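# Geometric and topological summary
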Amino acid sequence: MISDMTISRVMRAADLPWVPHGFRTSLRTWAAEQQPYIPEAVAESALSHVIEDEVVKAYQRATFLEMRRMLLDQWGAYITGGAWIAAVPRSMFPEQKHSRS
């Protein structure tokens, strides 16, 4: 994970007029509004948010690797002006059975 201070230094070194404050919030808000098929826990995990509830933490051990990748790929496309879609995790589709003919 890259800290806000690291991002700030890079932006200052590049003489960019913006500050990183709110960038993570932008991702979280965009994910909530534009990625309805991505569970909240995935967006929180993508931001490296710590689970405060000890019971939830004990039972929630998923890494959400594929869904985080999908979310962040779409976020990257969005912020760079590329084409993006509402990412739908493969787990939401029933497994396809292939028949032999």
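Since the structure is predicted, the reported quantities are computational estimates derived from the model, not experimental observations. (Residues numbered from 1 in each chain as written. Predicted model: local features only at pLDDT ≥ 70, side-chain atom pairs only at ≥ 80, totals over all residues. Heavy atoms only, no water.)

### As for the environment of L16
Along the chain, the position of L16 falls in the loop between α1 (4-13) and α2 (23-34). For the pair L16 and Q74, spaced 58 residues apart in sequence, the C-alpha separation works out to 24 Å. (Helix = DSSP H or I, 4+ residues; strand = E, 2+ residues; numbered from the N terminus.)

### Thoughts on helix α5 (residues 65-79)
The first and last C-alpha atoms of α5 sit 21 Å apart over 15 residues, in line with the 21 Å expected at 1.5 Å per residue. Along α5, the residues that are buried comprise M67, M70, L71, Q74, W75 and A77. Projected down its long axis, α5 carries its buried residues within an arc of 165°, all on one side. Where the residues of α5 are buried, they touch α2 and α3 (40-46). Downstream of α5 by one or two residues, G81 has phi in the positive range, about 80°. (Expected span 1.5 Å × (residues − 1). Buried < 20%, exposed > 50% of the residue type's maximum accessible area, 1.4 Å probe, protein only. Arc of directions from axis to C-beta. Contact = heavy atoms within 4.5 Å.)

### Overview of the confidence of the model for the protein chain
Looking at the protein chain, the pLDDT average stands at 84 and 93% of residues meet or exceed 70. Element-level pLDDT for the protein chain is lowest in helix α4 (residues 54-59), with a mean of 83, against a maximum mean of 92 in α5. (pLDDT = per-residue confidence, 0-100.)

### Some words on the side chain of Q35
Position of Q35 among the secondary structure elements: in the loop between α2 and α3. Accessibility expressed as a relative area gives 1% for Q35, which makes it buried. A distance of 2.6 Å separates a polar side-chain atom of Q35 from the backbone nitrogen of A87. Look past the residues within four positions of Q35 in its chain and what remains in contact with it is W30, L71, Q74, W84, I85, A86 and A87. (Polar contact = N/O pair within 3.5 Å; in protein donor to acceptor, adjacent residues only side chain to side chain.)

### Overview of the pattern of salt bridges
For the structure on display, the rule yields three salt bridges. The partner of R28 in a salt bridge is E40, and the shortest N-O contact between them spans 3.9 Å. Taken together, the residues span a long stretch of sequence, with R28 in helix α2 and E40 in helix α3 at a distance of twelve residues. Here R69 and D73 are joined by a salt bridge, their closest N and O atoms 3.1 Å apart. Residue R69 and its partner D73 are both found in helix α5; the two are separated by four residues, about one turn of the helix. Overall, the relative accessible area of 43% leaves R69 in the partly exposed class. (Salt bridge = Lys/Arg side-chain N within 4 Å of Asp/Glu carboxyl O.)

### With respect to the nonpolar core
Most often, soluble globular proteins keep nonpolar side chains buried together rather than apart. In terms of nonpolar packing, the biggest core is built from 14 residues, with L27, W30, A31, I38, V42 and L71 touching the most fellow members. When residues of this core are traced back to their parent elements, those giving at least two are α2, α3 and α5. When residues in this core are grouped by element, the largest group, four residues, is from α5. (Core = buried A, V, L, I, M, F, W, Y, C linked by side-chain atoms within 4.5 Å.)

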